[in-house]
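# Structure at a glance
These are the residues of each chain, in order.
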Amino acid sequence: MTAWSYYIATLTVYFGVNVLSALSLNLQFGFAGVVNFGYILFQAVGAYIAAVVVLGPSSAFQQYVFGARLPFGVALLLATLAGAVLSLLIGLFSLRNIRRDYQAAILLIISLMATQVVQGYVPLFNGSNGVTGVPRPLSSVPLSLQGYQWAYAGWVLLVAALAYALVTWLSRSPWGRALRALRDQEDAAAAIGLNVTALRLQVFVIGGALAGLSGGLLVEYIGAWSPDAWGYAETFVIFTALFVGGIGNYRGAVLGVLLVPIIFLELPRFLPQVGYPGLMDSMEWIAIGAIWMLCLYIRPQGIVPERRNRAARTAAADARPARESVEVA
Amino acid sequence: MGSTLVSAIGFGVVLASIIAIAAMGFTIQFGLTNVLNLSFGAVMTFAAFAAYLANRHGVGGWSGLGVGGAAGAALTLALGRGVFRPYARRGAHLFEMMMVTLGLSLIVNYAIQALSHNNIYQFVVLPSTPLHLGSILITHTQLIIVFIAIGVLIALISLLQLTKVGKALRAMAADPDLARACGIRTGRIVVLTWLLSGFLCGLAGVVYIINAQSVGYTTGQLFLPLVVAAAILGGAGSPLGAVAASLMMGIVTEIVAAFGSEAYSTVAGFGILVVVLLSRPGAVRGGETGHTQLTL
């Protein structure tokens, strides 16, 4: 029974962290049309920063930069800040007015290259071995292991709920309307005086901050972080969750996280082990790719489509959207 | 110092040759169909494994290049016809199509991981005898790789400039509607493009593992950023541009690796991409070179 309780608490933590990721990507992709295929990089930087600022000075055992012993709350703030700053730096040149498919590919490339840099340059974050032994926050609190697990799960859910409130509020604000205008009709949005590049950068930085926060929360729970934890493909798990749940809709995003990363990726643990070790992992990724392609094929709007306001619905009914023609020779 | 620089340039040319073969295949397809094909790396790995298996079953040495090329061409055509085209028919645009290629690359990459038991396999075609060219220490194999790249460039340019098919291909890349109105059999040209792109992709995959002497499921994926960057830097649809960009990237990467470290060489490759974005935004915007619709 205790094993189950432990397991469910762990799943809850992952659920909360993934919800943060999905909220961040949904804000960027679902509302502003910014395709962040390098998402996992921003989560990774948050995790690394949160780890090194509590681990104490760099040692012979593991090398890293910014070694310090700060309280965990400060570490989380720094993780959030790190995600935002890295987003700003990368966004400044990658969010220029370029084709969306190029932009997405460039962010993916950045994520692939960052992995190689961290692996190759050991003094940065201890290379392929990663940083380990991150102390648990408030470990002196007199709680049983069980109680601690659940307290942490509750804390992550609280943060996720606050983030949910924040992004829904942002999306309903005039700023959120501007984002949707930018997504749907970029030229028109620019024509009415919106600074589209600035808007994109703003949403990218806010998303990056949420990503950094999610990384910080995750690393304080699992206690270690290495390049294996942030392969480029991890980004696509969250994107698949968005596709399944519905793009541009936060409830859909939460539902997607429940369905894809949690049920789908965790369920196989209960299935009998088939083949050699590692086969199941490969199969999971193949299935993620298959779901991804299936969603694009049959239901691009997801299970819970975005709710349009009345004016938009009327307008849509008046003018059936004339899609650009696709030449099929 | 001087000799280090010269040999770094030598290694750079070898690396550039491998990038260039792949980038030529990528750019010719990209220029014509407008599909930003991120499954390219996965196909490279597939072809590399095909050559590895052929080698294990007695298909010796350099004929693995043919096996890899054929495997790449077959898979690329199958994907182009069987996957990309149906999506385009359902109304996928540039961006959605890129997402499709990405989903596909996940499936192919991890299928290869599953089939290869996530191992790295040794692949030695020829014992590499070192060769001194001035102060450059290079192997026979590497020299042959450079010549393969030069051969591919000449063949591709000749195809594009001297043959009727090449003319049709260039016409379609410039304006597919007009090309069709002129009576060009656009469907056949698209098939040819997939085959050509796939062949070069497979060839690059095999050449890569001949040089690296090992093959694993990440082989193509790790190489993909360099290929895409070279194709974007050289301009979509331009083999000569792709080769020039590959040379620049290969040489810069190796010089940085020689004087700094491997990690910095990755940063250098990344830096070139940034420079491309800042200096040639027009080429990346799609409006400059003409059409922005998918041609499948």
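These figures come from a predicted structure and were not determined experimentally. (Residues numbered from 1 in each chain as written. Chains lettered and ligands numbered in written order. Predicted model: local features only at pLDDT ≥ 70, side-chain atom pairs only at ≥ 80, totals over all residues.)

## A look at the overall build of chain B
Along the backbone of chain B there are twelve helices and four strands. Here chain B has a C-alpha radius of gyration of 19 Å; the compact-globule value for 296 residues is 19 Å, and the two agree. With respect to the principal axes defined by its C-alpha atoms, chain B has extents near 55 × 45 × 35 Å. Every one of the 296 residues in chain B was classed for burial, and the buried ones make up 54%. (Helix = DSSP H or I, 4+ residues; strand = E, 2+ residues; numbered from the N terminus. Rg over C-alpha atoms; globule rule 2.2 N^0.38 Å. Buried ≥ 20, exposed ≤ 12 C-beta atoms within 10 Å, placed from the backbone.)

## Examining the overall build of chain A
Per the secondary structure count, chain A includes 13 helices and zero strands. Taking all 329 residues of chain A together, 45% fall into the buried category. Long-range pairs, those at least 24 residues apart, make up 80% of the contacts in chain A with a sequence separation of at least 6. (Contact = placed C-beta atoms within 7 Å.)

## With respect to the interface of chain B and chain A
Across the boundary between the two partners, chain B contributes 54 residues, which contact 42 residues of chain A. At the level of secondary structure, the elements contributing two or more residues to the side of chain B that touches chain A comprise α3 (63–89), α4 (94–115), α7 (176–181), α8 (186–212), α9 (219–234), α11 (262–279) and α12 (281–285) of chain B. Among the elements that line the side of chain B that touches chain A, the one with the most residues is α4 of chain B, at 14 residues. The residue inventory of the side of chain B that touches chain A, partitioned by class, reads 32 nonpolar, 14 polar and eight charged. (Nonpolar A, V, L, I, M, F, W, Y, C, P; charged D, E, K, R; others polar.)

## Considerations on the pairing of strand β3 (residues 136–139) of chain B
For a regular strand, side-chain orientation follows a simple rule: the groups alternate between the two sheet faces. Residues and elements named next belong to chain B. In terms of strand pairing, strand β2 (residues 130–133) meets β3 through four bridges, oriented antiparallel. Looking at β3, one finds that His-132 is bridged to Leu-137. Hairpin connection of β2 to β3: two residues between the antiparallel strands, including Gly-134 at a positive phi of 65°. (Pairing = 2+ DSSP bridges.)

## Section: the domain arrangement of chain A
By a frequent convention, interface size equals the accessible area lost on bringing the separate parts together. All names here are of chain A. The domain boundaries assigned to chain A delineate domain 1 (2–230) and domain 2 (233–309). Residue-level contacts link 22 residues of domain 1 with 18 residues of domain 2. When residues of the side of domain 1 that touches domain 2 are assigned to their parent elements, the largest contribution, 13 residues, is made by helix α1 (residues 2–31). By residue class, the composition of the side of domain 1 that touches domain 2 is 15 nonpolar, seven polar and no charged. (Domains from an automatic or database assignment.)

## Quick word on the nonpolar core
Soluble globular proteins tend to bury their nonpolar side chains together. Within the largest apolar cluster, 203 residues are counted, with the highest numbers of intra-cluster contacts made by Ala-51 of chain A together with Ile-19, Ile-21, Ala-22, Ala-23, Val-227 and Ala-230 of chain B. Per-element tally for this core: the top contributor is helix α1 (residues 2–33) of chain B, with 17 residues. Looking at which domains feed residues into this core, each of domain 1 (2–230) and domain 2 (233–309) of chain A gives three or more. (Core = buried A, V, L, I, M, F, W, Y, C linked by C-beta atoms within 7 Å.)

## Some words on helix α2 (residues 40–56) of chain B
Residues and elements named next belong to chain B. The terminal C-alpha atoms of α2 lie 24 Å apart, and with 17 residues this matches the ideal 24 Å at 1.5 Å per residue to within 8%. Extensive coverage of α2 is indicated by the burial of 14 of its 17 residues. Taken from the residues just after α2, Gly-58 is the one with a positive phi, measuring 95°. (Expected span 1.5 Å × (residues − 1).)

## Thoughts on unusual backbone geometry
The backbone phi angle of Phe-66 of chain A is positive, close to 55°, even though this residue is not glycine. Examined against the element boundaries, Phe-66 of chain A turns out to sit in the loop between α2 (39–55) and α3 (72–94). Owing to 17 C-beta atoms within 10 Å, Phe-66 of chain A belongs among the partly exposed residues under this scheme. Although it is not a glycine, Asn-118 of chain B adopts a positive phi angle of roughly 55°. Considering the arrangement of structural elements, one finds Asn-118 of chain B in the loop between α4 and β1 (121–122).

## Focus: the confidence of the model for chain A
In this model, chain A carries an average pLDDT of 85, and 89% of its residues clear a pLDDT of 70 or more. Across residues 319–329 of chain A, where pLDDT falls below 50, the model places 22 contacts with residues more than four positions away in sequence or in other chains. (pLDDT = per-residue confidence, 0-100.)

## As for the packing of α9 of chain B against helix α10 (residues 239–259) of chain B
All names here are of chain B. Where α9 contacts α10, the two axes come as close as 7 Å, and the packing angle between them is 125°. Here α10 runs oblique to α9, going by the angle between their axes. Relative to α10, α9 is oriented so that their crossing is right-handed. On α10, the residues that touch Leu-226, Ala-229, Ala-230, Ala-231, Leu-233 and Gly-234 of α9 are Gly-241, Ala-242, Ala-244, Ala-245, Ser-246 and Met-249. Of the residues in the contact of α9 with α10, the class split is nine nonpolar, three polar and no charged. (Axes fitted to C-alpha atoms, helices over the stretch in contact; angles between N-to-C directions. Parallel < 35°, antiparallel > 145°, perpendicular 65-115°, else oblique. Left-handed = near helix turned anticlockwise from the far one by under 90°.)

## Observations concerning the environment of Ser-5 of chain A
Here Ser-5 of chain A lies in helix α1. A C-alpha to C-alpha distance of 25 Å links Ser-5 of chain A and Thr-132 of chain A, two positions 127 residues apart in sequence.

## Observations concerning the confidence of the model for chain B
All names here are of chain B. Put simply, chain B has an average pLDDT of 86, and 93% of its residues get 70 or more. Confidence scores differ between elements of chain B, with α12 showing the lowest mean pLDDT of 51 and α2 the highest of 94. Note on residues 284–290: pLDDT is under 50 here. Beyond four places in sequence and across chains, it has 15 contacts. In the model output, the complex is listed with pTM 0.85 alongside ipTM 0.83.

## Comments concerning the environment of Ala-229 of chain A
Checked against the element boundaries, Ala-229 of chain A lands in the loop between α9 (196–222) and α10 (234–245). For the pair Ala-229 of chain A and Gly-130 of chain A, spaced 99 residues apart in the sequence, the C-alpha separation amounts to 9.3 Å.

## Concerning the environment of Val-274 of chain A
Residue and element names in this part refer to chain A. Of note, Val-274 is situated in the loop between α11 (250–266) and α12 (279–298). Along the backbone, Val-274 and Ala-229 are 45 residues apart, and their C-alpha atoms lie at a distance of 23 Å. With residues up to four places along the chain from it excluded, the contact list for Val-274 reads Leu-279 and Met-280.

## A closer look at the packing of α1 of chain B against α9 of chain B
The description of two helices packed together rests on the angle between their axes and the distance between the axes. All names here are of chain B. In the contact formed by α1 and α9, the axes pass within 9 Å of each other and the chain directions differ by 60°. Our classification of the angle between α1 and α9 gives oblique. With respect to the hand of their crossing, α1 and α9 are arranged in right-handed fashion. Contacts from Ile-19, Ala-22, Ala-23, Phe-26, Thr-27 and Phe-30 of α1 reach α9 at Phe-223, Leu-226, Val-227, Val-228, Ala-230, Ala-231 and Gly-234. Considering only residue class, the contact of α1 with α9 consists of eleven nonpolar, two polar and no charged.

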